[in-house]
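Single-letter residue listing:
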Amino acid sequence: MPLLLAACVGAPAAQAPTASQGTETPKAPEATTGNGASDQFLAYGYSGEPSSLDSMNTNGIVITSQIEETLINFKPGTLELAPGLAEKWTPNADSTEWTFTLRTGIKFHDDTDFNADAVVFNFLRISDPSYEFGFRKDGNTFAIFPYIFGGFVGEPSSLWKGIEKVDDQTVKFTLTRPTPLFPNYIAAPYFGISSPDAVKKAGAKYGTPEFGGVGTGPFKFLEWQAGQSLTLVRFDGYWGDKAKMPSVVVRFIKDAPERLAELQAGAIDLTTDLAPDARDTITNDADLALTPLEAFNIAFLSLNINNKPFDNPKVRQAIAYAIDKQAILDSFYGGIGTVADDFLPDSLGWARPAKLEAYAYNPEKAKALLAEAGYADGFSTVVLTDTTEVPLEFWYIPVSRPYFPTPKPIAEAIATYLADVGIKVELKTEDWGVYLKNWNAGTKNGIVQLGWTGDYGDPNNFLASQFGAGSATQAGYKNEAAWKLLDEAGAAKTLDESTQLFQQAGVIINQDLPRIPIVHAPPVYAQKKALTGWVPSPTSGESWATIFIQK
C-alpha cells in the first residue's frame, strides 16, 4: 500500500552510548587473523567491489549500510518503516514540509556528535552541486539524488526545496510539492549519514580505500585491500544493540560459481547473487541453506534514444519483439521469476495498467516494424547527435547482480535474437564503477544492460527513477506528459487517485519503450546452515548486526 506510513512515531530515544575509539582508522580486536579481523569474523562473499564507502555515492549499499545509518529504517525483511536515527517524523497539512525529531546521545565512529547539523550537512552535499562539500553534477557521481527527487535543488523538475536545522534535535525538510511518501524516500539506504568532520577531513578521499567511511552504524571501517577484501569491526560505542560478530570480512568474488565453491569450502559464511542453477547444489548440501527473498527488481535494456535509429519508437518496439524473454527466464533463471511486461514488480502491481502491450516474442513482427522504420535489412551502426556513425555496441554489466546473475551469457543470448532480425551488435563491458559513471553521464550510445533493485515501496522508485526528468541525461528519454503524471501520482492523497495516475503514465511508457523490461527474478542468496540472524532486505540494505555463526 503506497500511501501508508506517511507519519510515524517510534521508540523512545536510546541511552547515550559509550565513546568510540575516536581514531581515523579503528583498531582491530586483540585476537586477529592475518587480515586484521577478529578470529570470530563473519565472512561475506560479495559479487563485486563497492565504488565507495560513502552511502550517498556508491553501488555497494549493503556494505555502507553497516557503517552509515539512515534517519528511517525498514523493519527486517520488509518495506515497513521503523525509526532509525530519527525517533519520529511528521508532515504539515499538505505534506510539503516534514519535521524529523532525532535521537540524542549518538556518536559517530570518530567520536563526534550526531545531531541536526550533521543531518543538514549530509543532505546539502547530495542535493546541492554548488555546496562546498557537495557532489558535483559532472557525471562522476552515482547520481542517486536526481533519480529519487527528479533533480537537484533549484532545478524545475526537482521536488526538493531544502533542509534546515530547527534545533539540535530537529530538522525540517521542505519540498516543492506535496509528497506523502517522503519518509519512504529518506529510508532508502543511499541516505546514510556520514560524519561531517570525516568528510571535510578526507575531502575527495572520503569513501575510498585509503580513508573508508565514518558513520554511526554497528560496524566501523578497518581496512580496504583494493581488489581483494574489506574489513569492518564492531563499534562498541553503538547506540543500539551491539553486533553479534566482532568483525566482518567482505571478500570481493566477482564470479558466481567461485562464490558458491567458496561457500561450500567454508571460506565464506554467506553470499548473494548466485546463478539460479546453484539452487539444487545448495539444497543438496547438508551444510548449506537457501536464504529466501522475493523479487523486488527489474532486469532491463536501455536504448540511447539520442541516437538514430533508437530515436524511432518502432525500432525500440522491434527490439522488444525480437527477444524471447520466456526462454531467457527458463535458460538463465531456472524458470523462477516472471517475464516483465513493465518495470513494476508484482508487489507494486496495483499501479500497473490493466492492458499493456506485452511485446511477446515475435521475430516476424520485429522485422515488419524494422521495415516500416526504414531498416528492412536491419542495422549494425548508430548515428550520434554530431552525425558520427559508429558500430552498435551492446554493453553488458561486468558483475553478477540479482537481476542479471549471469550477465554475459544473457547478453550473448539477446545478441543472437537481435541478429535473427538483422540487428548486429558488438558486445562490450568495462569496470563496474566506470560503467556506471559513463551511464550516468549519457556516454553509452547503444544498448545497455542494466537493472534496478527497489529502494522503498513506491512505484515511482521504479518509474520516476527510470523514466522521470532526473534520468533524462542517461539515455535521452524526455516525455513531459509522463513526467507530469508521475509527479502527480507521487503527490496524490488517496490510493485510488495515485493508482489512476500511475496507470496512465504506464501506458505512455509502454508505448514509448525507451527501456525494455526483461524479467523480474528473485536473487539466489545462500548461507551456512549454522548461521543465524540474516534477514535480507528487499532493498539490499539490511544490517548484519544480528548475524551470528560460531567458529
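Because the structure is predicted, anything quoted here is derived from the model rather than measured.

What counts as what
- Residues numbered from 1 in each chain as written.
- Predicted model: local features only at pLDDT ≥ 70, side-chain atom pairs only at ≥ 80, totals over all residues.
- Heavy atoms only, no water.
- Buried < 20%, exposed > 50% of the residue type's maximum accessible area, 1.4 Å probe, protein only.
- Helix = DSSP H or I, 4+ residues; strand = E, 2+ residues; numbered from the N terminus.
- Pairing = 2+ DSSP bridges.
- Contact = heavy atoms within 4.5 Å.
- Arc of directions from axis to C-beta.
- Polar contact = N/O pair within 3.5 Å; in protein donor to acceptor, adjacent residues only side chain to side chain.
- Core = buried A, V, L, I, M, F, W, Y, C linked by side-chain atoms within 4.5 Å.
- Axes fitted to C-alpha atoms, helices over the stretch in contact; angles between N-to-C directions.
- Salt bridge = Lys/Arg side-chain N within 4 Å of Asp/Glu carboxyl O.

Further remarks concern the pairing of strand 21 (residues 515-520). Counting buried positions along strand 21 yields six of six residues, so the element is predominantly enclosed. Inspection of the sheet shows strand 14 (residues 297-303) paired to strand 21 by four bridges, in the antiparallel sense. Within strand 21, the residue paired with Ser 302 across the bridge is Arg 515. Sheet topology note: the strand 15 (residues 338-339)/strand 21 ladder contains two bridges and is antiparallel. Bridging across to strand 21, Val 339 finds its partner in Val 519.

Here the focus is the pairing of strand 12 (residues 270-274). Of all five residues making up strand 12, five are buried, and the element is well covered by its neighbours. As paired strands, strand 2 (residues 41-46) and strand 12 are joined by two bridges and run parallel to one another. Looking at the pairing, Gly 45 lines up with Thr 271 of strand 12. Direction of pairing for strand 12 relative to strand 22 (residues 524-528): antiparallel, over a ladder of three bridges. When the sheet's bridge partners are listed, Leu 270 is paired in strand 22 with Gln 527.

Attention now goes to the environment of Thr 532. Looking at the element boundaries, Thr 532 is found in the segment after strand 22. Look at Thr 532 and you get partly exposed, because its relative accessible area is 44%. Along the chain, Thr 532 and Pro 313 lie 219 residues apart, while their C-alpha atoms are 50 Å from each other. The contacts of Thr 532, once residues within four sequence positions are left out, are Thr 546, Ile 547 and Phe 548.

The next subject is helix 12 (residues 432-440). The set of residues buried in helix 12 consists of Trp 432, Tyr 435, Leu 436, Trp 439 and Asn 440. Here the buried residues of helix 12 occupy an arc of 120° about the axis, which is enough to place them on one side. Among the structural elements, helix 3 (144-149), strand 14, strand 18 (393-395), strand 20 (447-453), helix 14 (472-475) and strand 21 are those in contact with the buried residues of helix 12. Where helix 12 begins, the capping side chain belongs to Asp 431, and its oxygen is found 3.1 Å from the backbone nitrogen of Gly 433. One or two residues past the end of helix 12 sits Gly 442, with phi positive at roughly 75°.

Next up on the list: the nonpolar core. One finds Leu 71, Phe 100, Phe 123, Phe 149, Phe 173, Phe 182 and Phe 310 to be the most contacted residues of the largest nonpolar core, which totals 129 residues. The element best represented in this core is helix 2 (residues 116-127), accounting for seven residues. With residues near it in sequence (within four places) discarded, Phe 173 still touches Leu 71, Thr 96, Glu 97, Trp 98, Phe 100, Val 119, Phe 123, Trp 160, Gly 162, Ile 163 and Phe 182. One finds Tyr 44, Ile 63, Phe 221 and Val 250 within the second-largest nonpolar core, a separate group that totals 26 residues.

Another aspect to go through is the sheet that holds strand 11 (residues 247-252). An order of 9-10-11-2-12-22-13 is seen for the seven strands of this open sheet, with the pairing classed as mixed. The sheet terminates laterally at strand 9 (219-225) and strand 13 (288-291), the two strands that pair on one side only. Averaged over all neighbouring strand pairs, the angle between strand axes comes to 20°, with direction disregarded. With four bridges joining them, strand 13 and strand 22 adopt antiparallel strand pairing. By the bridge assignment for strand 22, Leu 290 is matched with Ala 526. Sheet strands in contact with helix 6 (residues 256-265) are strand 2, strand 11, strand 12, strand 13 and strand 22, and its direction is about 155° off that of strand 12.

All chains considered together, the criterion is met by 21 salt bridges. One salt bridge in this structure joins Arg 251 and Glu 262, with 2.6 Å as the shortest N-O distance. In this pair, Arg 251 is assigned in strand 11 and Glu 262 in helix 6, connecting sequence segments eleven residues apart. Taking the relative accessible area as the measure of exposure, Arg 251 reaches 24% and is therefore partly exposed. We note a salt bridge from Asp 346 to Arg 352, for which the minimum N-O separation is 3.7 Å.

With that out of the way, let us pick up the sheet that holds strand 15. Reading across from one edge, 15-21-14-20-18-19 is the order of the six strands in this open sheet, with mixed pairing throughout. A strand with exactly one partner marks an edge of an open sheet, and here the two such strands are strand 15 and strand 19 (426-428). Packing of helix 8 (residues 313-322) onto the sheet brings it into contact with strand 14, strand 20 and strand 21, and relative to strand 21 it is tilted by some 20°.

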